[in-house]
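A look at the structure
Below, each chain spelled out in residue letters.
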Amino acid sequence: MRFSISDPAVRRFAIEHSIPYLLAPLITVVIGAAILHDRRPVIDADTLQGRAIPQLVAEAGELTIEWTARRYRACATTIAREIVDSANVVYRLDQSIGPYSTTTNGDTWRMSITIPPGAAWGRARYRSTISYHCGWTHSWWPLTVKSPEVPFEIVPLLQKRIEELRG
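Remember, it's a predicted structure, so these values are computed and weren't measured experimentally.

For the protein chain, the helix and strand inventory stands at two helices and 10 strands. Secondary structure elements of the protein chain occur, N-terminal to C-terminal, as α-β-β-β-β-β-β-β-β-β-β-α. In the protein chain, which comprises 167 residues, the share counted as buried stands at 31%. Partitioning the contacts of the protein chain with sequence separation of at least 6, the portion at a separation of at least 24 is 72%. As displayed, the protein chain offers around 11,000 Å² of accessible surface, 60% of which is attributable to carbon and sulfur atoms.

This next bit is on the pairing of strand β9 (residues 143-146). Consecutive residues of a regular strand have side chains that alternate between opposite faces of the sheet. Covered by surrounding structure in β9 are Leu-143 and Val-145 only, the residues Thr-144 and Lys-146 on the alternate face being uncovered. In the sheet, strand β8 (residues 122-133) pairs with β9 via four bridges, with the strands oriented antiparallel. Each residue of the ladder has a partner; that of Ser-131, found in β9, is Thr-144.

The next point concerns the side chain of Asp-85. Here Asp-85 lies in the loop between β4 (76-84) and β5 (90-92). At 7.8 Å, Arg-125 is the nearest oppositely charged side chain to Asp-85, a buried residue that forms no salt bridge. Among the polar contacts made by the side chain of Asp-85, one reaches the main-chain amide nitrogen of Val-89 at a distance of 2.9 Å. With near-sequence residues (within four places) excluded, Asp-85 lies in contact with Tyr-91, Gly-118, Ala-119, Ala-120, Arg-123 and Ala-124.

Before going further, it helps to spend a moment on the pattern of salt bridges. Throughout the structure, instances matching the rule amount to seven salt bridges. Here Glu-66 and Arg-51 are joined by a salt bridge, their closest N and O atoms 3.1 Å apart. Remark: Arg-51 occurs in strand β1 (residues 49-53) and Glu-66 occurs in strand β3 (residues 62-71); sequence separation between them is 15 residues. Exposure remark for Glu-66: the relative accessible area of 16% places this residue in the buried category. When the shortest N-O distance is used, the salt bridge between Arg-71 and Asp-107 registers 2.8 Å.

The next point concerns the sheet that holds strand β7 (residues 105-114). Read across the open sheet, the three strands follow the order β1-β3-β7; overall the sheet is antiparallel. The open sheet is flanked by β1 and β7, the only strands paired with a single partner. The mean inter-strand angle of the sheet, taken between neighbouring strand axes irrespective of direction, is 20°.

Turning next to the side chain of Arg-73. Its place among the elements puts Arg-73 in the loop between β3 and β4. Residue Arg-73 is classed as buried on the basis of its relative accessible area, which comes to 14%. Residues contacting Arg-73, with those up to four places away along its chain left out, are Asp-38, Arg-40, Pro-41, Val-42, Thr-104, Cys-134, His-138 and Leu-143.

Rules used in this analysis
Residues numbered from 1 in each chain as written. Predicted model: local features only at pLDDT ≥ 70, side-chain atom pairs only at ≥ 80, totals over all residues. Heavy atoms only, no water. Helix = DSSP H or I, 4+ residues; strand = E, 2+ residues; numbered from the N terminus. Buried < 20%, exposed > 50% of the residue type's maximum accessible area, 1.4 Å probe, protein only. Contact = heavy atoms within 4.5 Å. Areas by Shrake-Rupley, 256 points an atom, 1.4 Å probe, with all protein chains shown as cover. Pairing = 2+ DSSP bridges. Lys, Arg positive; Asp, Glu negative; His and termini not counted. Salt bridge = Lys/Arg side-chain N within 4 Å of Asp/Glu carboxyl O. Polar contact = N/O pair within 3.5 Å; in protein donor to acceptor, adjacent residues only side chain to side chain. Axes fitted to C-alpha atoms, helices over the stretch in contact; angles between N-to-C directions.

Okay, here's the thing in structure tokens:
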């Protein structure tokens, strides 16, 4: 039995079996475009700047950092934070949920961190890694920005404050 391309059964068979070969590249291109679109930055990392308020922080006290950056879109964030004391001991703090801001363009926000009680006095640095979760691909590949280090100084507690804490 000979088959001809003009035979309707042969044409239908050819079309039905070529659909997966046509759809697979199309689906791949659409998913690739979605992933590339999802990789757009949330903030301009070059404009991310932080400063400690105040520069001198008592041991086991509160460090407040004021951040400024140019923000392109609003996304949920997770922040992994670290403090490096003057003895170069790294204190990894618990991950925290970052502030959610709907402000685009220039944005300013503040975060407070408790200095670990064992941190050495003297020059210290705060650093963090910010993971943005904006789209569906970010659960696998989050957008990550390393913040610039923010210098500050840890100073000893006053004797009066030590006595208050001891009770």
